[in-house]
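# Structure assessment
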Amino acid sequence: MTFSISHVAASLAGYLAPSFPGVTFYEDPNQQGSEPPMMFLQQRYAYTDRRLSGRFLRRIGLDLTYQLDYSLPDMQQQYQAAAEALDMVMDSFPYTDDTGTTLILTHDREWRIDQDAMHYQFEIRVWVTLPEDFTPMETMDYSEVVTDGTEKV
């Protein structure tokens, strides 16, 4: 499988669409010309921990942002209802790419409501291996001569 944030965004959009009818999903914070209600995904951080056998554990922090029209009188209640709905379905989600589908678990889920949006933050942990033919540096071309900044022949 090939892992990418674009595939995560598309997978989440397809998975959450039945729970959020009428909400437009974006891959990133597209503010120009977008109409609420909408959700978009933002990557907040990524850490890579090297493990045994050439494997890496990638920990990726994501922020799923939900925005409504700012002038709604019950905006706070709608944001709380959306956060609770996400709590019910975001234990895991199906991740789909060009080669197939797998289940991704979410970790450290939390949400907060700002004046203009509800932020549902979570972390995914993905095992990554480099391709077997991966050789970042096959040969090293270096000079053993140490100079003081002046050209020497």
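Let me sum up the structure you'll find in this document. (Residues numbered from 1 in each chain as written. Predicted model: local features only at pLDDT ≥ 70, side-chain atom pairs only at ≥ 80, totals over all residues. Heavy atoms only, no water.)

## Examining the environment of Arg55
Condition: Think of it this way: any DSSP run of H or I at least four residues long counts as a helix, any run of E at least two long counts as a strand, and we number them from the N terminus. Summary of the burial criterion: residues with accessible area below 20% of their type's maximum are buried, those above 50% are exposed, and those between are partly exposed, where the area comes from a 1.4 Å probe applied to protein chains only. We call two residues in contact whenever any of their non-hydrogen atoms come within 4.5 Å of each other.
For Arg55, the position within the fold is in strand E3 (residues 55-67). The class for Arg55 is partly exposed, based on a relative accessible area of 34%. In the structure, Arg55 is positioned 72 residues away from Trp127 in sequence and 6.8 Å away in space, judged by C-alpha atoms. Setting aside residues no more than four positions away along its own chain, Arg55 makes contact with Asp49, Arg50, Trp127, Val128 and Thr129.

## Focus on the packing of aromatic side chains
As a reminder of what qualifies: Between 30 and 60 degrees the pair is tilted, below 30 it is stacked and above 60 it is edge-to-face, where a pair is any two Phe, Tyr or Trp rings, Trp via its six-membered ring, whose centres lie within 6.5 Å.
The final tally for this structure, using the stated rule, is 4 aromatic pairs. Taking 5.9 Å as the distance between ring centres and 75° as the angle between the ring planes, the aromatic pair formed by Tyr66 and Tyr79 counts as edge-to-face. Within this pair, whereas Tyr66 is found in strand E3, its partner Tyr79 is found in helix H2 (residues 75-89), the two being separated by 13 residues in sequence. Through successive ring pairs, a cluster of aromatic residues spans Phe20, Tyr66 and Tyr79.

## Observations concerning H2
What counts here: For a helix, the expected span equals 1.5 Å multiplied by the number of residues minus one. As used here, the arc belongs to the directions running from the helix axis to the C-beta atoms.
With 15 residues, H2 should cover 21 Å at 1.5 Å per step; its first-to-last C-alpha distance of 21 Å lies within 8% of that length. Where H2 is concerned, the buried positions are Met75, Tyr79, Ala82, Ala83 and Leu86. All buried residues of H2 fall inside an arc of 100° around its axis, so they share one side. Of the surrounding elements, those touching the buried residues of H2 are helix H1 (5-16), strand E2 (38-50), E3, strand E5 (101-113) and strand E6 (118-129).

## Considering empty space enclosed by the protein
Where empty space is left in the structure can be found by rolling a water-sized probe over the atoms. So the rule is basically this: A pocket here means an open set of points on a 1 Å grid, computed over the protein atoms alone, that has protein on both sides within 12 Å along at least five of seven lines. A cavity is instead a set of points where a 1.4 Å probe fits but cannot get out; residues with an atom within 4 Å of a point line either one. Grid points are joined across faces, edges and corners, and a volume is the space filled by probe spheres set on the points. Here the nonpolar group is Ala, Val, Leu, Ile, Met, Phe, Trp, Tyr, Cys and Pro; Asp, Glu, Lys and Arg are the charged ones; every other residue, Gly included, is treated as polar.
Counted according to the given criterion, the structure contains 1 cavity of 30 Å³ or more. What the largest cavity holds in volume is close to 40 Å³. Elements represented by at least two residues in the lining of the largest cavity include exactly H1, strand E1 (24-26) and E2. When residues of the lining of the largest cavity are assigned to their parent elements, the largest contribution, 4 residues, is made by H1. When its residues are assigned to classes, the lining of the largest cavity shows 9 nonpolar, no polar and no charged.

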